Structure formats: C-alpha cells, structure tokens
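Structural features, examined
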Amino acid sequence: FGKLVLLVLKPDEIETYARRFKFNEEINSDVPVEKGSLSMDAADEWSLVELASGFNKVSLMSPLQGALMAAAVVNDGRMMEPYLVESFLSKDGETTYEAQPKVTSITMTPETANEIRKLMRATVTDGTSTKAFPSLLRNRKFANVEIGGKTGSLTGDYPKGKCDWFVGYARSGNRKIAMAALTINEQTWKVKSAYLAKKFVEQYFHPSRRDTSAIRQISQTLPE
C-alpha cells in the first residue's frame, strides 16, 4: 500500500476518495455521528506511506463510518445515509413518520466495487480472518452467503489499548448487511473482532437461541 501511494496515486486522488467516504465531512443522520478525520502532508512522502497503510494515529473513524464504507462496497459504490428510527406510529396506529433510504455519496463505480468485494472475500477465505470463519464457510446453511471483510489493528490512546477491527459485509440473494466490529484490548485479549462479526452474520441469516446466548456471554466479558 505504501508503494502504491508513492508510485501510482496522487495526493489529490487520496483526498477525493476520502471526501467520498465522508472523512472530514459531516454525516447526515437522525442521531449524532462523530466525523471521521484525515489529514496529510503532500510534501512528506513518509506520511503518505503511513496514511495509505493505515499506520498512523491521525486518521480516525467511528465504527458506524466503517460500516457505511462496507455498505458502499456491497451496494455497488453507493454510500447510504444512516438512520436509527425507521418510523413513528400515532396512538391510532397511523404512520406519522417514515425514514426513506437516501444516497449520501457515490464512492466508486459498480465495477470497482465488484473488484473490492473479491479482495474482501479473500480476507475471509485466505487472509487475516481465516481463523474466525472456517466453521461458518463449511456449514451448508451458509453455502449461498457471500462474506467479505477488512481487518485492521493498531495501538490507540482513546482509550489506550490494542484496537482490533473487522469491517465487512454479507449477502445472500436480495438480503445484504454491512457491519463493523471493534474491540479494544487493554491488557489481555478477550475476543477478536472478526469472531464478533462471524456471530453477527450467523445470527442475521440463521438466528438461533444458541447464537444469542453466545453473543450475550461475549458482551458480558467486555469492559464497560
């Protein structure tokens, strides 16, 4: 990634894509969303290498923004405006408010999104998430579920600890979902973010009481 930014990409191209994915931009929503930040010094090649590789503490994003980015990939490049409230009903049962899906940014072409999905699928089948997903990939119930993701890890300061990320998507037929899991391990590892994402996919496509119980047990082990 460092070589790519030095040999192929230009700083203005990086800024263009950063804006498309809502870095340094307000994300419209019915709930407050913390704005992601990105800054770079075009004259400092080493800072560009760090930026492209993700190894800096200047570029920041929330898990929600990560999920929106994954949603754009599975949605053929269209980044949607997030909302929490789907609808309001009056005491008489009439719908007084109903949220409408809204495209907030065109991040890439459908062809590019398709190529990125190939890379994200490889993360799950042959890359950094292979330990989390094999049992699910071997399960015949999930034979028609396409899963892709991107992992990341870096020691952070707010709060201090090892940040472990999984940002990804899953789809089967007309059903598709995007997700972002983040765990911060201060001293000892409790659970990997890819494992949480795997349990989320299982519960979304084939819910079971056993899965719900496992997720509840995991949440009880995480620090407040």
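Whatever comes next refers back to the structure up there.
To keep things clear, this report deals only with the structure shown in the data block. Within each chain, residues carry numbers counting from 1 in the order of the written sequence. Since the coordinates come from a predicted model, pLDDT governs what is reported: local features require at least 70, and pairs of side-chain atoms require 80 or more to be given and counted, while whole-chain, interface and lining totals use all residues. No hydrogens and no water enter the side-chain calculation; it runs on all heavy atoms of the structure.

**Thoughts on the overall build of the protein chain**
Where we set the bar: Working definition: helices are DSSP H or I runs of at least four residues, strands are E runs of at least two. Numbering for both runs from the N terminus. With the radius of gyration taken over C-alpha atoms, the globule rule is written as 2.2 Å times the number of residues to the power 0.38. Summary of the burial criterion: residues with accessible area below 20% of their type's maximum are buried, those above 50% are exposed, and those between are partly exposed, where the area comes from a 1.4 Å probe applied to protein chains only. Contacts between residues were defined by any pair of non-hydrogen atoms, one from each residue, lying within 4.5 Å. The method behind every accessible area is Shrake-Rupley, applied with a 1.4 Å probe, and residues are considered shielded solely by the protein chains displayed. The sign given to each residue is positive for Lys and Arg and negative for Asp and Glu; His and the chain ends receive no count. In this description, the location of a charge corresponds to atom NZ of lysine, CZ of arginine, CG of aspartate or CD of glutamate.
Scanning the protein chain from N- to C-terminus turns up eight helices and seven strands. Its C-alpha atoms give the protein chain a radius of gyration of 19 Å, within 12% of the compact-globule value 17 Å for 224 residues. Viewed in the frame of its principal axes, the protein chain has a C-alpha envelope of about 60 × 45 × 35 Å. Split into buried and exposed, the 224 residues of the protein chain put 34% on the buried side. Long-range pairs, those at least 24 residues apart, make up 55% of the contacts in the protein chain between residues at least 6 apart in sequence. Summing over all exposed atoms, the protein chain offers an accessible surface of approximately 14,300 Å²; the carbon and sulfur share of this is 53%. Side chains of the protein chain give 30 positive and 27 negative charges; the mean places of these two sets differ by 10 Å.

**Quick look at the nonpolar core**
Filter applied, for reference: The set of buried Ala, Val, Leu, Ile, Met, Phe, Trp, Tyr and Cys residues whose side-chain atoms join them within 4.5 Å is what this entry labels a nonpolar core.
Ranked by internal contacts, the top residues of the largest apolar core, which has 20 residues, are Val5, Phe21, Phe23, Leu38, Met79 and Met108. Ranked by the residues each element gives to this core, the list is headed by helix α4 (residues 63-74), at four residues. The next biggest cluster of nonpolar side chains, apart from the first, holds 15 residues, and it includes Val124, Phe133, Phe142 and Phe205.

**Concerning the side chain of Ser129**
The topology assignment puts Ser129 in the loop between α5 (110-125) and α6 (134-138). The exposure class of Ser129 is buried, given its relative accessible area of 1%.

**A look at the pairing of strand β3 (residues 95-98)**
Remark: a regular strand shows side chains that alternate across the two faces of the sheet. Using the following cut-off: DSSP-based pairing: two strands are paired if at least 2 bridges between them are found.
Direction of pairing for strand β2 (residues 87-89) relative to β3: antiparallel, over a ladder of three bridges. Note on β3: the bridge partner recorded for Ser87 is Glu98. Where β2 folds back on β3, the antiparallel hairpin that results is connected by five residues, among which Gly93 adopts a positive phi of roughly 90 degrees.

**Concerning the side chain of Arg117**
Going by this rule: Between N or O atoms, a polar contact is any pair within 3.5 Å; within protein, one atom must be a potential hydrogen donor and the other a potential acceptor, and residues adjacent in sequence are included only when both atoms are from side chains.
By the secondary structure assignment, Arg117 is in helix α5. The exposure class assigned to Arg117 is buried, which follows from its relative accessible area of 4%. Among the polar contacts made by the side chain of Arg117, one reaches the main-chain carbonyl oxygen of Val73 at a distance of 2.7 Å.

**Here we look at the sheet that holds strand β7 (residues 175-185)**
Through backbone hydrogen bonds, the strands of a sheet pair up, either in parallel or in antiparallel fashion. Formally: Convention adopted: a line fitted to C-alpha atoms gives each axis, helices being fitted over their contacting stretch, and angles between N-to-C directions are expressed from 0 to 180 degrees.
With antiparallel pairing, the three strands of this open sheet are ordered in space as β5-β6-β7. Two strands bound the open sheet, and with one partner strand each, they are β5 (146-157) and β7. Adjacent strand axes in the sheet meet at a mean angle of 10 degrees, parallel and antiparallel pairs treated alike. As paired elements, strand β6 (residues 160-172) and β7 share 11 bridges and run antiparallel to each other. Residue Gly168 lies in a different strand from β7, and its bridge partner there is Met179. The strands touched by α5 are β5 and β6; relative to β5, the strand with the most contacts, the crossing angle is about 75 degrees.

**Focus: the pattern of salt bridges**
Put simply, the test is: What counts as a salt bridge is simple: a side-chain nitrogen of Lys or Arg found within 4 Å of a carboxyl oxygen of Asp or Glu.
Under the definition given, this model contains eight salt bridges. For Asp157, the salt bridge goes to Lys57, with nearest N and O atoms at 3.5 Å. Placement of the pair is Asp157 in strand β5 and Lys57 in the loop between α3 (45-53) and α4, with a sequence separation of 100 residues. Asp157 gets classed as partly exposed once you look at its relative accessible area, which sits at 35%.

**Overview of the packing of aromatic side chains**
Here is the rule we go by: Stacked, edge-to-face and tilted labels apply to pairs of Phe, Tyr and Trp rings (six-membered ring for Trp) whose centres lie within 6.5 Å, assigned for plane angles under 30 degrees, over 60, and everything in between, in that order.
Evaluation of the coordinates by the stated rule reveals four aromatic pairs. A centroid spacing of 5.6 Å and a plane angle of 35 degrees characterise the contact between Phe133 and Phe166, whose relative ring orientation is tilted. Of this pair, Phe133 sits in the loop between α5 and α6 while Phe166 is found in strand β6, placing the two residues 33 residues apart along the sequence. Look at Phe133 and you get buried, because its relative accessible area is 0%. Considering the side-chain rings of Tyr204 and Phe205, the 5.0 Å spacing of their centres and the 85 degrees angle between planes classify their relative orientation as edge-to-face.

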